[in-house]
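# Inside the fold
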Amino acid sequence: MNMIRQEPWGILRNFQQEMNRLMQDWPNAGADNDDSSVVTGHWVPAVDIKEEANQFLIHVDLPGVNPEDIDITMDNGVLMLKGSRHWEKEERRDEYRRTERVRGEFYRRFALPDTANADGIKADYKNGVLLVSIPKQEKALPRRIAVSQ
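Residues numbered from 1 in each chain as written. Predicted model: local features only at pLDDT ≥ 70, side-chain atom pairs only at ≥ 80, totals over all residues. Heavy atoms only, no water.

## A closer look at a nonpolar patch on the surface
What counts here: Each patch is built from residues that are more than 30% exposed by relative accessible area and take part in no salt bridge. Like charges join if they lie within 9 Å; nonpolar side chains (Val, Leu, Ile, Met, Phe, Trp, Tyr) join within 5 Å. Here the Shrake-Rupley method, with its probe set to 1.4 Å, supplies the accessible areas, and only the displayed protein chains count as covering residues. The working definition used for a salt bridge is a side-chain nitrogen of Lys or Arg within 4 Å of a carboxyl oxygen of Asp or Glu. Every helix listed is a DSSP run of H or I at least four residues long, and every strand listed is a run of E at least two residues long, numbered separately from the N terminus.
A surface patch of nonpolar side chains, about 560 Å² in accessible area, is lined by W9, L12, F15, M19 and L22. When you line up the elements, F15 lands in helix α1 (residues 10–23).

Take a look at the structure:
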């Protein structure tokens, strides 16, 4: 006879995880608990973060976002990106009229390591992709200390 292990709370735990995942995209989800939320807003842009020898690079996919609608701030080691997109397409024909609208705000926060140089942060927007480059601080070179007698 085969024995099957039953986990009575497994279904409830899976349901809770799925609800938490769905609520991440809900407008203002986590707004009251801002100390731990990394993502808030109406939509969540895709982000790639890369560390190179002399800098950190953050690629943010922002299709349909006007560069003037992007706000980037740095405060207490936290890089904040927020903005909005407004896009409308209208199609008219004799039989019908169709209008599509895309609107929404986004807000992302990234805690930067101590090695990041906040004064040298640069941002470039091209073809719907925001590239934020964060240089690393110059490390103090090791030096030999003489022992006096």
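## Brief notes about the sheet that holds strand β7 (residues 122–126)
Spelled out, the test is: Paired strands, in this sense, are two strands between which DSSP finds at least two bridges. Orientation is described by axes fitted as lines to C-alpha atoms, over the contacting stretch for helices, and by angles from 0 to 180 degrees between their N-to-C directions.
Taken together, 4 strands build an open sheet; the order of strands is β2-β3-β8-β7 and the sheet is antiparallel. This sheet does not close on itself; its edge strands, each paired only once, are β2 (47–51) and β7. Averaged over all pairs of adjacent strands, the angle between their axes in this sheet comes to 15°, without regard to strand direction. Both β2 and strand β3 (residues 55–61) contribute to a ladder of 5 bridges, which runs antiparallel. Along β3, the bridge assignment pairs D48 with H59.

## Regarding the packing of aromatic side chains
Spelled out, the test is: For Phe, Tyr and Trp, where Trp contributes only its six-membered ring, two rings pair if their centres lie within 6.5 Å, and the inter-plane angle classes them as stacked under 30 degrees, edge-to-face over 60, or tilted in between. Consider the ring centre and the ring normal. A charge sits over the ring if Lys NZ or Arg CZ is within 6 Å of that centre and within 35 degrees of that normal.
Going through the model one piece at a time under the given rule, you end up with 0 aromatic pairs. Seen from the ring of F56, K136 lies directly overhead, with NZ or CZ sitting 5.0 Å from the centre.

## Some details on the pattern of salt bridges
Rules: Relative accessibility under 20% of the residue-type maximum defines a buried residue, over 50% an exposed one, and the middle range a partly exposed one, all with a 1.4 Å probe and only protein chains included.
Under the criterion given, the structure shown has 6 salt bridges. Its salt-bridge partner being E51, residue K136 comes within 2.6 Å of it at the nearest N-O pair. Of this pair, K136 sits in the segment after β8 (129–135) while E51 sits in strand β2, placing them 85 residues apart in sequence. R98 is the partner of E91 in a salt bridge, and the nearest nitrogen-oxygen pair spans 3.1 Å. When its relative accessible area of 37% is taken as the criterion, R98 is described as partly exposed.

## Observations regarding the confidence of the model for the protein chain
A low pLDDT score tells you not to read the predicted coordinates there in detail. The following threshold applies: Along the chain, pLDDT gives the predictor's confidence residue by residue, from 0 to 100. By definition in these notes, contact holds between two residues if any of their heavy atoms fall within 4.5 Å.
Averaged over all residues, the pLDDT of the protein chain equals 80, while 80% of them reach at least 70. Low confidence marks residues 28–39, where pLDDT is under 50. Its contacts with residues over four positions away, or in another chain, come to 18 contacts.

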